[in-house]
Protein chains: 2
Amino acid sequence: MATDTHRQFKDRLYGQFARIGKALSNPHRLEILELLAQSERTVDSLATEIGLSLANTSQHLQALRQAALVDSRKDGLFVYYRLAGAEVFELSRVLRTVAEGRLAEFERLIREHFSDRVDAEAVPMTELLKRARSKQVVILDTRPASEYIAGHIAGAISVPVDDLQRRLQQLTKGKEYVAYCRGPYCVYADRAVEMLRAHGRRARRLTDGFPEWRAAGLPVTNGVEPGALK
Amino acid sequence: MATDTHRQFKDRLYGQFARIGKALSNPHRLEILELLAQSERTVDSLATEIGLSLANTSQHLQALRQAALVDSRKDGLFVYYRLAGAEVFELSRVLRTVAEGRLAEFERLIREHFSDRVDAEAVPMTELLKRARSKQVVILDTRPASEYIAGHIAGAISVPVDDLQRRLQQLTKGKEYVAYCRGPYCVYADRAVEMLRAHGRRARRLTDGFPEWRAAGLPVTNGVEPGALK
DNA sequence: CAAGTAGTATATTGATTACTTGACTATGGC
DNA sequence: GCCATAGTCAAGTAATCAATATACTACTTG
């Protein structure tokens, strides 16, 4: 009967959609996707950063690959995984937006953890873009250097948050600093702002992170900036 | 140690995101979301349409509510569920887009099932919008009447695909017909176009469905159109 | 080619999920 | 107040999932 065929088709159709949903149903896999939105990474470096075993990380990556959300390339001993496309970041961003807007518990968690973050002071992307040409504004990329090299906001200099302390004297007091990192819930930029202010610098964080900036089609660069500090 | 606190925060953060992902990880729940994108519905009507038991459907709806993707209201004996917001449709649409773009198997399934659908002939929303003012173009809503009443493309008339046969003579040959339904993978519009053409009418389907039209901010109406056919 | 490292495959464990069944609650009609 | 209907709840079962441990492959380096 025709309705049977139709049901069968629908089951297969939604079964395909659910493959994507299943890939998004695990916290660790979502964290992996956020890390891969910064730059491609090896299995081992993902495992270390997230705090999972190598085997477990590899399995999660297989799951993501079966949902076609990530691709990989092999280079010598290492297997580098990357997001399969810009839509994949878009997907995880929309998921995040829904969580932000709808989950009361999420709201509470954020308020609790970022009680000291003055959100009103965060710089939106549009504002930074306008003021980026000013020589007074210095954009700081507080992520690990490898992520900076893989891609960063045009004109930003790399100051991984762990190096900030010993590089403070290079960041003179006359300037105004805007720090960014991996995304709105990444704490690197918050820590950097805190440290800079403690040493008398004017500093604010960018509301969003690098992936959001790139997704908005704003200017990005990769490699090392010509005039970068060392 | 500080890193422990940080790990704990991240686990809770991604745990929250994963609540949304988990809700999207089941084919039946995705089908429910698509139906609710058309109009609010009772548990029973969802169960019947999808072919699940009442209890099972109720449980899926609980799962969706815990992820804050749906809301409900009680009216007499009936409990009506609806999408919790426009972002929820946006989410399921992006998920669909990713599946379309990335899953080879999905591609195959669609080609197999819609082998006869001439995609080149489907009308994009922009084109329909432009031509909608012409008295020559008649827009047909082929979904069940209740969904039409809950909201439809401005100016469309309700012709549920099951009623089309007996209402054919009301649809004169001189006009040009554009049929739409629930979305790009809904077959109602295809069936309507097929039937109309078999009876000598000029007919094409809209590429997308009503939820996409509404999400694009294009003109919609609810209730019954003033000049509608009966 | 031996040794070491990065990553994958497989088996096993306990936890979670989907679904069924039957009991239960809430509402409205008679 | 009694019955029927819509929906939820709770318990049980089979299937799936996440994680571990262990064995294995692939590649590099000496």
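Residues numbered from 1 in each chain as written. Chains lettered and ligands numbered in written order. Predicted model: local features only at pLDDT ≥ 70, side-chain atom pairs only at ≥ 80, totals over all residues. Heavy atoms only, no water.

Peer 1: A description of the relation of the copies chain A and chain B should follow, citing residues and the corresponding values.
Peer 2: Expressed as a screw transformation, the operator carrying chain A onto chain B has a rotation angle of 180 degrees and an axial translation of 0.0 Å, and the superposed copies differ by an RMSD of 0.0 Å. The operation mapping one copy onto its partner corresponds to a two-fold rotation axis. Taken together, the interface assignments show that 100% of the residues at the interface of chain A recur at the interface of chain B, consistent with an identical surface on both copies. (Least-squares fit on C-alpha atoms with pLDDT ≥ 70 in both. Contact = heavy atoms within 4.5 Å.)

Peer 1: Describe in detail the sheet that holds strand E3 (residues 78-83) of chain B, supporting the description with residues and values.
Peer 2: Residue and element names in this part refer to chain B. Reading across from one edge, E1-E3-E2 is the order of the 3 strands in this open sheet, with antiparallel pairing throughout. Here the strands that pair on one side only, and so sit at the sheet edges, are strand E1 (41-42) and strand E2 (70-75). Pairing geometry for E2 and E3, over 6 bridges, is antiparallel. Residue pairing in the sheet places Val 70 in a bridge with Leu 83 of E3. Sheet strands touched by helix H2 (residues 27-36): E1, E2 and E3. Its angle to E3, the strand with the most contacts, is close to 90 degrees. (Pairing = 2+ DSSP bridges. Helix = DSSP H or I, 4+ residues; strand = E, 2+ residues; numbered from the N terminus. Axes fitted to C-alpha atoms, helices over the stretch in contact; angles between N-to-C directions.)

Peer 1: So what's going on with the sheet that holds strand E8 (residues 202-205) of chain A? Residues and values would help.
Peer 2: Residues and elements named next belong to chain A. Here we have 4 strands laid out as an open sheet, ordered E6-E4-E7-E8, and parallel in their pairing. In this open sheet, the two strands that pair with only one neighbour each are strand E6 (157-158) and E8. Summarising the sheet, strand E4 (residues 137-141) and E6 pair through 2 bridges and their orientation is parallel. Across the sheet, the residue bridging to Asp 141 is Ser 158, located in E6. Strands in contact with helix H9 (residues 188-198) are E4, strand E7 (176-180) and E8; relative to E8, the strand with the most contacts, it is inclined by about 170 degrees.

Peer 1: Please set out the protein's contact with DNA strand D residue by residue, giving values where relevant.
Peer 2: Within the structure, DNA strand D sits among 23 residues, and His 60 of chain A together with Asp 44, Ser 58, Val 79 and Tyr 81 of chain B are positioned closest to it. Counted by atom, the contact set of DNA strand D within 4 Å of the protein is 75% sugar and phosphate. Here Asn 56 of chain A contributes a side-chain N or O atom positioned 3.2 Å from a sugar or linking oxygen of DNA strand D. Those elements giving two or more residues to the surface near DNA strand D turn out to be helix H2 (27-38) and helix H4 (54-66) of chain A together with helix H3 (43-50), helix H4 (54-66) and E3 of chain B. For the surface near DNA strand D, the element with the most residues is H4 of chain B, which contributes 5 residues. (Near = heavy atom within 4 Å. Polar contact = N/O pair within 3.5 Å; in protein donor to acceptor, adjacent residues only side chain to side chain.)

Peer 1: A description of the interface of chain A and chain B should follow, citing residues and the corresponding values.
Peer 2: Facing 54 residues of chain A, the contacting portion of chain B comprises 54 residues. Looking at the side of chain A facing chain B, the largest losses of area belong to Tyr 14, Phe 17 and Arg 102 of chain A, adding up to 15% of the total buried there. Where chain A meets chain B, there are 8 salt bridges. Note that Arg 102 of chain A is salt-bridged to Glu 87 of chain B, the shortest N-O span being 3.1 Å. Counting every contact that joins chain A to chain B gives 16 residue pairs in polar contact (both at pLDDT 80 or more). Listed by contribution, the elements that provide at least two residues to the side of chain A that touches chain B are helix H1 (2-23), H2, helix H3 (43-50), helix H5 (86-102) and helix H6 (104-113) of chain A. With 16 residues, H1 of chain A is the largest single contributor of residues to the side of chain A that touches chain B. Here the side of chain A that touches chain B is composed, by residue class, of 27 nonpolar, 10 polar and 17 charged. (Buried area = accessible area lost by both parts, 1.4 Å probe. Salt bridge = Lys/Arg side-chain N within 4 Å of Asp/Glu carboxyl O. Nonpolar A, V, L, I, M, F, W, Y, C, P; charged D, E, K, R; others polar.)

Peer 1: Can you break down the pairing of strand E4 (residues 137-141) of chain B residue by residue, with the values?
Peer 2: Residues and elements named next belong to chain B. Across the 5 residues of E4, 5 count as buried, placing the element largely inside the fold. The alternating pattern of E4 places Val 137, Ile 139 and Asp 141 on one face and Val 138 and Leu 140 on the opposite face, and all of these are buried. As judged from the 5 bridges shared by E4 and strand E7 (residues 176-180), these two strands associate in the parallel manner. Looking at E7, one finds that Val 138 is bridged to Tyr 177. (Buried < 20%, exposed > 50% of the residue type's maximum accessible area, 1.4 Å probe, protein only.)

Peer 1: Got a sec to walk through the nonpolar core? Specific residues and values, please.
Peer 2: If you look at the biggest cluster of nonpolar residues, it comprises 82 residues, and the most contacted ones within it are Leu 69 of chain A together with Leu 69 of chain B. Once residues lying within four places of it in the same chain are set aside, the contact partners of Leu 69 of chain B are Val 98 of chain A together with Ile 20, Ala 23, Leu 24, Leu 33, Leu 64, Arg 82, Leu 83, Ala 84 and Val 88 of chain B. (Core = buried A, V, L, I, M, F, W, Y, C linked by side-chain atoms within 4.5 Å.)

Peer 1: An account of the domain arrangement of chain A is requested, with residue identities and associated values reported.
Peer 2: Residues and elements named next belong to chain A. Splitting chain A by domain gives domain 1 (2-88) and domain 2 (114-221). Relative to domain 2, the C-alpha centre of domain 1 lies at a distance of 29 Å. Each partner contributes to the interface: domain 1 provides 7 residues, whereas domain 2 provides 9 residues. With both sides pooled, the region where domain 1 packs onto domain 2 buries about 590 Å², and carbon together with sulfur makes up 39% of that total. Interface area lost by domain 1 to domain 2 is led by Ala 37, Gln 38 and Ser 39, which between them contribute 69%. Taken together, the links from domain 1 to domain 2 amount to 2 salt bridges. (Domains from an automatic or database assignment.)

Peer 1: Report on the protein's contact with DNA strand C, specifying residues and quantitative values.
Peer 2: Around DNA strand C, 24 residues are found, and the nearest of them are Asp 44, Ser 58 and Tyr 81 of chain A together with Asn 56 and His 60 of chain B. Backbone atoms, meaning sugar plus phosphate, form 72% of the atoms of DNA strand C positioned within 4 Å of the protein. Taking Asn 26 of chain B, its side chain carries an N or O atom lying 3.1 Å from a phosphate oxygen of DNA strand C. Put simply, the parts of the chain that give the surface near DNA strand C at least two residues each are H3, H4 and strand E3 (78-83) of chain A together with H2 and H4 of chain B.

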